[in-house]
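Descriptive analysis of the structure
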Amino acid sequence: MTAPYRVNGERLWQSLQTLATIGATPGGGVTRLALSAEDGRGRDLLREWAQEAGFSCEVDELGNMFMRRAGNNPALAPVLTGSHGDSQPLGGNYDGIYGVLAGLEALRTLNDRQISTERDIVLVNWTNEEGARFAPAMLGSGVWSGVFEKDYALTRQDQTGVSVGDALAAIQYAGARPAKAISLHASYEIHIEQGPILEAEHIDIGVVHAAMGLRWYDATIRGFATHAGTTPLSARRDALCGFAQLTLAVEQIGHRFAPDGRATVGMAQIAPNSRNVVPGQVNCSVELRHPDAAKLAEMETALRLAVEGLAQRQLEGTLDKIFEYTPVAFHSACVAEIERAAQALGYSHRRMVSGAGHDACYVNRVAPTAMIFIPCEKGISHNEAENILPAWAERGANVLLNTLLASAG
């Protein structure tokens, strides 16, 4: 690699602040739900900026936007970068959109310096990564990568009954290009960490080599509802006490598989939910995460043993697995390319596992892929208080720029 190049940090920051005015909320964040009018205006601005820089812009059947900076040899497979522009309700200004605009800034910098590449570089804005309006999440990249069928995706509806297809038509982003993967040389997604590690350790760059697999379960604990005043403790089959035991067991499973294990009870419903009745039943969710498939299976075994252990309290426990997401190992050559760029720039960096799902996890199924993380304040994300510093944004974009240059030749 030659001496590393650097982006225009002020222009990148201004782009981020301008996009943040679209869907801005009183609390300082944004609500820019997928395929909403606000998302449409954000897409329009992104397309305008790309075309002003001389890049073509194509839109596929799911509304995924592909902005291409031509290289010297169109016969070569291109390099892809990008993320998503949709947000959570009352979300932050940087989740997703930073990855799109850092990619745009990298391509703008290549223009400024009149640098040509052998391969085309394609900037993508994926549709409905968040899943906040249309479930499931990562819908656009999922169809493109072959995870979901196009018709399935287009018929997903929001809470008001509006389908993805109808919403695409409403904002005029139902494109003609097939929503199907093309051959790629490599793909890189840059994103805010959405966790506290990089800031706490004063590290500039996270080099993401893997992403968590996850499993969702519905658990039911059945006891017997009876009078709280007349039933002695020795005669009770209290489902809520069994729930407390299971919740602590879930926490212990997470600790047992530290540092990468995650174990969470996120929802619970108590029946009959009366202050003077011993609870007769509790329904709850359990989520397990780990980047190693074998470890994730061990965590599930431990969870099932914990559910079986409720029988010691004369309770019946059942566990149903309702969703599974396979752990992702990103491409070693792409990971190494990011590390070389960070080292050349003199930035501190460390390898990391992503605890969240990202479009890159699906892209990795069809092309060599890796991710770059930058810090975010206190690890806060999916919240109006989400924040990054201009220096963090610039360093991440510098790493992306030099990684793209190395990959694109």
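Residues numbered from 1 in each chain as written. Predicted model: local features only at pLDDT ≥ 70, side-chain atom pairs only at ≥ 80, totals over all residues. Heavy atoms only, no water.

Remarks on the pattern of salt bridges
Rule in force here: Should a side-chain nitrogen of Lys or Arg be within 4 Å of a carboxyl oxygen of Asp or Glu, the pair is scored as a salt bridge. Put simply, DSSP H or I for four residues or longer makes a helix, DSSP E for two residues or longer makes a strand, and each gets a number counted from the N terminus. Burial classes follow relative accessibility: with a 1.4 Å probe on protein chains only, a residue under 20% of its type's maximum area counts as buried, one over 50% as exposed, and anything between as partly exposed.
Evaluation of the coordinates by the stated rule reveals 19 salt bridges. The salt bridge involving Arg340 is made with Glu337; its shortest N-O contact spans 3.2 Å. Of this pair, Arg340 and Glu337 are both found in helix α10 (residues 332-345), 3 residues apart, which corresponds to roughly one turn of the helix. Judged by its relative accessible area of 45%, Arg340 falls in the partly exposed class. Judged by relative accessible area, Glu337 falls into the buried class, the value being 15%. Salt bridges here are not isolated pairs; linked through shared partners, they connect Arg215, Glu300, Arg304, Lys321 and Glu324.

Comments concerning the UniProt feature "binding site: Zn(2+) 1" (unreviewed entry) in the chain
The test is simple: UniProt positions are given in the numbering used here, feature names are shortened, and annotations may be inferred rather than shown by experiment. N or O atoms closer than or at 3.5 Å make up a polar contact, with two conditions inside protein: a donor-capable atom paired with an acceptor-capable one, and, for residues adjacent in sequence, both atoms drawn from side chains. Note on contacts: a residue pair qualifies if any of its non-hydrogen atoms lie within 4.5 Å across the two residues.
As annotated by UniProt and renumbered to match this structure, "binding site: Zn(2+) 1" (unreviewed entry) occupies His84, Asp95 and His191. These annotated residues cover 108 residues of sequence, but their C-alpha atoms sit close together, with the largest distance between any two at 9.7 Å. Here His84 lies in strand β3 (residues 79-84). Side chain to side chain, His84 and Asp86 meet in a polar contact 3.0 Å long. Note on placement: Asp95 falls in the loop between β3 and α3 (97-112). Judged by its relative accessible area of 6%, Asp95 falls in the buried class. Sequence-distant contacts of Asp95, that is, excluding residues within four places in its chain, are made with His84, Asp86, Glu130, His191, Ile192, Gln194, Ser381, His382 and Glu386. Polar contacts involving the side chain of Asp95 include one to the side chain of His191, which spans 3.0 Å.

Overview of the environment of Ala356
Relative to the helices and strands, Ala356 resides in the loop between β15 (349-354) and α11 (359-363). Distance in space between the C-alpha atoms of Ala356 and Gly195 is 9.5 Å, their sequence separation being 161 residues. Not counting residues within four places of it along the chain, the set of residues in contact with Ala356 comprises Gln194 and Arg289.

Considerations on the UniProt feature "binding site: Zn(2+) 2" (unreviewed entry) in the chain
As recorded in UniProt, the sites labelled "binding site: Zn(2+) 2" (unreviewed entry) are Asp95, Glu130 and His382. With the annotated positions falling across 288 residues, the maximum pairwise C-alpha distance of 9.7 Å places them together in a single cluster. A distance of 3.5 Å separates the side chain of Asp95 from the side chain of His84, its partner in a polar contact. Its location among the elements puts His382 in the loop between β16 (369-374) and α12 (390-408). Apart from the residues within four sequence positions on either side, His382 is in contact with Gln88, Leu90, Gly91, Asp95, Glu130 and Gln194. A polar contact of 3.1 Å, which involves the side chain of His382, links it to the side chain of Asp95.

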